[in-house]
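The primary structure of each chain is shown beneath.
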Amino acid sequence: MGQTVDLERVGETVLPVYPITASSSTWANVDVVGEYYRLDELTAAAGGVLPLNQQIVVEDVQCLLVPEPFNAHDPNAVMVIANGYHVGYLSREDAIRYRPLVRRIVASGYLPGTIGRIWAFRTSSDISTRVQVAIPHADLLPLNQLPDREHKQLPWGSGLQVTKEEEHFDVLFNFVPPSGEGFLYSTLHRGVRTLRNGQERPYVELRIDGERVGEMSPVTSQHFLPTIEHLESLGIAPVATVKIKGSALAAQLVLQAARASEIPDEWVEAGPDHAMKLVPWSLEYEIPAGWDSGFVASPGRDPKAGRSQVRTVVAAQSLAKGAKQGSLGWAVFWLCVAGVFLICVIGTPIAIVPAAWCGFLGWRQLRRWRVNSATGTGTGTKG
């Protein structure tokens with residue numbers, strides 16, 4: 001479950017990455033902002049080149065979410081690093097929404113890792129971009145800890161209702177968070193129930209921190225028993241993510257795990273997971289002393305890849321914008337001439353006001369055009 005990335009913290013060892021998508025869907029659903037102002041890094045993260053008139057889509061991008069508590073503009077800021085390059089930030093709203101998730105991981109000594117998606121389309125005069133990362137739920141991190149013994153977590157799957165959890169509300173009550181919803185780690189166990197006719201019927205039992213909290217129905221149990229039996233034969237505890245929803249009166253559990261028929265071969269062949277302990281759930285988490293966002297790309301990468309092509313696009317875009325501004329300036333200029341004509345020929349004094357205003361607008365637009373043409377500055381669009 002743990003991994004390191006091609007980043008290093010200045011003056012320190014590489015921090016391990018806590019994959020937040022290990023317990024959830026990997027659908028990239030959260031937009032990154034500010035990526036247009038980091039086209040060099042975005043191009044490098046996407047592979048180094050953005051071909052002309054061709055849509056580029058890069059899936060399964062390895063991303064990090066790095067908090068910047070000492071950011072002068074926003075202490076909640078969360079930097080997004082894609083394939084080793086700083087490509088943008090979470091929006092202010094999303095940074096606040098996912099603050100508990102990000103800070104709990106950082107307070108535990110890890111970096112939040114997730115999967116992202118890069119989209120870009122370049123034309124001769126413009127470039128449109130969009131970067132998204134997968135952060136499915138603000139309260140995604142399980143409230144409890146993984147078991148100490150060797151274990152393996154089942155991949156995320158569609159939700160299935162757990163039964164008989166009402167019989168164990170005395171246990172579940174202790175795990176219902178203030179928000180009313182959250183996630184928990186549950187171990188899965190093979191149980192056997194003997195029917196009146198003497199026939200044995202296996203089922204799946206769920207336990208949280210060693211306490212029984214419910215079971216799957218006989219039908220749904222068949223989807224998980226092959227996986228459980230395989231892991232138990234190896235002495236490995238099967239672990240799955242369950243969603244808890246409740247109040248002071250009742251609680252429900254939903255199992256979010258892949259069925260045996262959905263398990264990829266790579267998962268079966270891999271060994272047990274390495275436990276990554278998080279600090280206990282809390283309303284607030286402290287960033288470790290001395291924390292900063294001083295991360296740099298490791299040697300061997302070329303952050304300037306594709307930079308000349310991107311600059312050419314930006315320059316062309318700026319000139320195109322300047323030309324539009326210049327055209328508007330000339331249009332206003334001729335309006336000014338028309339105003340003067342009204343004053344001099346027709347003799348309408350009231351035309352002085354629109355003539356003066358049009359003259360000012362024309363001068364300002366022409367001045368902007370000259371500045372943009374000289375400096376090559378400009379802005380772009382975001383897809």
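Note that the coordinates shown come from a computational prediction; the quantities given were computed from them, not determined experimentally.

1. A closer look at the overall build of the protein chain
Right, so step 1: When its secondary structure is counted, the protein chain shows 9 helices and 16 strands.
Right, so step 2: Buried residues in the protein chain amount to 46% of all 383 residues.
Right, so step 3: Accessible area of the protein chain: about 19300 Å², with a carbon and sulfur share of 57%.

2. A few points about helix α6 (residues 225-233)
Right, so step 1: Among the residues of α6, Leu225, Thr227, Ile228 and Leu231 are the ones counted as buried. Along the long axis of α6, the arc covered by the buried residues comes to 160 degrees, so they all point the same way.
Right, so step 2: Contacts from the buried residues of α6 go to β9 (151-153), β11 (181-194), β12 (200-208), α5 (218-221), β14 (237-246) and α7 (265-269).
Right, so step 3: Two residues or fewer past α6, Gly235 is found with a positive phi of approximately 75 degrees.

3. Re the nonpolar core
Across soluble globular proteins, you tend to see nonpolar side chains buried next to one another.
Right, so step 1: Core analysis: the biggest nonpolar cluster contains 43 residues, and Tyr18, Ile20 and Ile135 have the highest contact counts within it.
Right, so step 2: The residues touching Ile135, leaving out its near neighbours within four places in the chain, are Ile20, Asn29, Val30, Leu65, Leu90, Tyr98 and Leu101.
Right, so step 3: Among the nonpolar cores identified, the runner-up in size contains 31 residues, and Leu154, Leu206, Ile208 and Leu255 belong to it.

4. A look at the pairing of strand β3 (residues 30-33)
Right, so step 1: Side chains Val30 and Val32 project from β3 onto a buried face, and the interleaved Asp31 and Val33 project onto a face without burial.
Right, so step 2: As defined by bridge partners, β3 adjoins strand β8 (residues 127-133) across 2 bridges and the pair is classed as antiparallel. Counterpart to Asp31 in the pairing with β8 is Gln132.
Right, so step 3: As paired strands, β3 and strand β6 (residues 85-90) are joined by 2 bridges and run antiparallel to one another. Note that in β6 the partner of Val33 across the bridge is Tyr89.

5. Considering the pattern of salt bridges
Right, so step 1: Taken as a whole and judged by the stated rule, the model has 14 salt bridges.
Right, so step 2: In this structure, Glu59 and Arg117 form a salt bridge, with 3.1 Å as the shortest nitrogen-oxygen distance. Residue Glu59 is located in strand β4 (residues 55-67), and its partner Arg117 is located in strand β7 (residues 111-122); the two are separated by 58 residues in the primary sequence.
Right, so step 3: Look at Arg117 and you get partly exposed, because its relative accessible area is 25%.

6. Side note on the environment of Thr123
Right, so step 1: For Thr123, the location among the structural elements is in the loop between β7 and β8.
Right, so step 2: According to the relative accessible area criterion, Thr123 is partly exposed, its value standing at 22%.
Right, so step 3: With 69 residues separating them along the chain, Thr123 and Gln54 place their C-alpha atoms 8.0 Å apart.

7. A few points about the environment of Pro100
Right, so step 1: Position of Pro100 relative to the elements: it lies in helix α3 (residues 99-107).
Right, so step 2: Sequence-wise, Pro100 and Glu284 are 184 residues apart; in three dimensions their C-alpha atoms are separated by 6.8 Å.

What counts and what doesn't
Residues numbered from 1 in each chain as written. Predicted model: local features only at pLDDT ≥ 70, side-chain atom pairs only at ≥ 80, totals over all residues. Heavy atoms only, no water. Helix = DSSP H or I, 4+ residues; strand = E, 2+ residues; numbered from the N terminus. Buried < 20%, exposed > 50% of the residue type's maximum accessible area, 1.4 Å probe, protein only. Areas by Shrake-Rupley, 256 points an atom, 1.4 Å probe, with all protein chains shown as cover. Arc of directions from axis to C-beta. Contact = heavy atoms within 4.5 Å. Core = buried A, V, L, I, M, F, W, Y, C linked by side-chain atoms within 4.5 Å. Pairing = 2+ DSSP bridges. Salt bridge = Lys/Arg side-chain N within 4 Å of Asp/Glu carboxyl O.

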